[in-house]
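# Results of the structural survey
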Amino acid sequence: MAEQYLNISGAIILSLDLSGRVCLLNKAGERILGYAQDEILGKSWFDLAIPESQREQAKNEFQALIAEGRKTADPSTADPIENEVLSKSGDHLYVRWNEAVMRDVQGNAVSVLISGIDLTQKKHIETALRQTTERLRDFSDAASDWLWEMGPDLRFTYLSPALTRILGTSADEMLGKSRADFAASGELSPHTRAKWDGHLDDLKNRRPFRDFEYESARADGSSLHIRVSGKPIFDDHGKFTGYRGTGRDMTTEVKANQSAIRAQEALMHTIENVPTMMVLFDEQERFVMCNQAYREALHGIDDLLVPGVTFEEISRVSAQRGMVAKYRSNPEGWVRERLERFRNPGEPVVHLQLDGRWVMTTDHRTPDGGTLIMRTRSEERRVGKEGGSPVA
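Here goes a summary of the coordinates provided. Small disclaimer: the values here were computed from a predicted structure and weren't measured.

This paragraph deals with the overall build of the protein. Summing up its helical and strand segments, the protein has 13 helices and 16 strands in all. Relative to its full complement of 392 residues, the protein shows a buried share of 36%. Considering only intrachain contacts with a sequence separation of at least 6, the fraction spanning at least 24 residues in the protein is 42%. Within the structure as shown, the protein displays about 22,700 Å² of accessible surface, and the carbon and sulfur contribution to it stands at 51%.

Given below as structure tokens:
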């Protein structure tokens, strides 16, 4: 009966004599260690199953156990120990052991009974999880982006080190705060207020969100532009437990974009206020923009000067409306001539406008394949090649 109990146990049951030789090994022990009874009985447990680097220490602890005379009456009071053992195939197994000294009726120690639980798979999982955690922590520490978590009260419970470096503030000062606590102070514009209202509504209704941008401030008071994305987290019972997401410092990009906008505005102001007439077409010969001087000079085709209209269409309608004196009877002839110069820019061409003034037109190819046409009024009768059209 006792043997049946030993063999149905899922734990290793091992009995060693006082010299450390194996007296008993149950079925679970055979399966886990890979030894048959006749391969292990009578053999030194320490020489057979303990790694060489740990062997002497294990023998000393075994002898100390016997000398201590641990009672069998309450073996549960002994602290379990964990160590490595070797299987028959040489694999390293991690086992948690409980040990008890067995005595005869005279109270003499006769053997040591040991039960062990195989923790190998658990240890491997723990190691993999630890390595994954360390890897993610390393990535998080090195990344310019950061990770964040919120609890169910929508207050931060975790912020990765990248954010503390960017803000110049310790994590302790930020944990427990809400997203709105990081918003820049001052009155919000209607557009910004609407963005915040939408974001707070997403949080309130547990919706995922992506690329929400807002302005914050560093510890030194300088401006900071942040973009965040997040998803709500629910437990196995569907209970909301908070948010988890990422953040990115967009300050450099935002400032670069603002500088580009200012430069564009300055350029447009200059273009609008110079007397030179300018019109730009894209690489597909479609109208992009023109300045006011061009629009005023060619008011007869003002309705065509809208994005997407092709240069060929503008040229054809100009001739059909009688704006090309030389080709009033042959509009298609004008279209062919003008398209040839447009597609193969060369020397400037001087035109006589309907108002009697001369204009020099130059076609320039832009780096992106578009075409810029510049028309300048000229008092000289002959500049470059003489033409006969008031329309570029």
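There is more to say after this.
Between its first and last C-alpha, helix α5 (residues 52-68) extends 25 Å over 17 residues, near the 24 Å set by a 1.5 Å rise per residue. Within the sequence span of α5, burial applies to A58, F62, L65 and I66. Where α5 is buried, its residues contact β1 (12-17), α4 (45-49), β4 (92-103) and β5 (109-118).

This part is about the sheet that holds strand β3 (residues 81-86). Taking strand neighbours across the sheet as the criterion, the five strands line up as β2-β1-β5-β4-β3 in an open arrangement whose pairing is antiparallel. Every interior strand has two partners, whereas the edge strands, β2 (22-25) and β3, have only one. Direction aside, the axes of adjacent strands within the sheet are offset by 35 degrees on average. In this structure, β1 lies alongside β5, joined through six bridges in antiparallel fashion. Counted as the bridge partner of L16 is V112 from β5. Most of the contacts of α5 go to β5, to which it runs at about 125 degrees, and overall it touches β1, β3, β4 and β5.

In this section: the sheet that holds strand β10 (residues 240-249). What the five strands build is an open sheet, ordered β7-β6-β10-β9-β8; its pairing is antiparallel. One side of each edge strand has no neighbouring strand; the edge strands of this open sheet are β7 (156-159) and β8 (209-217). Adjacent strand axes in the sheet meet at a mean angle of 25 degrees when their direction is disregarded. Summarising the sheet, strand β9 (residues 223-234) and β10 pair through nine bridges and their orientation is antiparallel. Of the residues in β10, the one forming a bridge with I233 is G242. The sheet contacts of helix α9 (residues 190-204) involve β8 and β10, and relative to β8 the element is tilted by about 125 degrees. Against the sheet, helix α10 (residues 251-273) engages β9 and β10, with an angle of about 130 degrees to β9.

Summarising the sheet, β3 and β4 pair through six bridges and their orientation is antiparallel. In the strand pairing of β4, E82 is matched with R96. Linking β3 to β4, which pair antiparallel, is a turn of five residues; within it G90 sits at a positive phi near 95 degrees.

The description of two packed helices rests on the angle between their axes and on the distance between the axes. Between helix α12 (residues 311-320) and helix α13 (residues 331-343), the least distance of the axes is 9 Å, while the angle of their chain directions is 145 degrees. The crossing of α12 and α13 is right-handed. Contacts between α12 and α13 involve F311, E312, S315, R316, A319 and Q320 from the first element and P331, E332, W334, V335, R338, L339, F342 and R343 from the second. Taken together, the residues of the contact of α12 with α13 break down into seven nonpolar, two polar and five charged.

Here S15 shows up in strand β1. Contacts of S15, omitting those with residues within four sequence positions, involve R21, V22, C23, L24, S111, V112 and L113.

So, on to the pattern of salt bridges. If you walk through the whole model with that rule in mind, you get 20 salt bridges. Ionic pairing is found between R286 and D282, a salt bridge with its closest N-O pair at 2.9 Å. Of the residues examined, D282 reaches a relative accessible area of 15% and is grouped as buried. Put simply, R343 and E285 hold a salt bridge, and the shortest N to O gap is 2.8 Å. Here R343 is found in helix α13, whereas its partner E285 is found in the loop between β11 (277-281) and β12 (287-290), with 58 residues between them in sequence. By relative accessible area, which is 40% here, R343 ends up partly exposed. Accessibility expressed as a relative area gives 18% for E285, which makes it buried.

About the thresholds
- Residues numbered from 1 in each chain as written.
- Predicted model: local features only at pLDDT ≥ 70, side-chain atom pairs only at ≥ 80, totals over all residues.
- Heavy atoms only, no water.
- Helix = DSSP H or I, 4+ residues; strand = E, 2+ residues; numbered from the N terminus.
- Buried < 20%, exposed > 50% of the residue type's maximum accessible area, 1.4 Å probe, protein only.
- Contact = heavy atoms within 4.5 Å.
- Areas by Shrake-Rupley, 256 points an atom, 1.4 Å probe, with all protein chains shown as cover.
- Expected span 1.5 Å × (residues − 1).
- Pairing = 2+ DSSP bridges.
- Axes fitted to C-alpha atoms, helices over the stretch in contact; angles between N-to-C directions.
- Left-handed = near helix turned anticlockwise from the far one by under 90°.
- Nonpolar A, V, L, I, M, F, W, Y, C, P; charged D, E, K, R; others polar.
- Salt bridge = Lys/Arg side-chain N within 4 Å of Asp/Glu carboxyl O.

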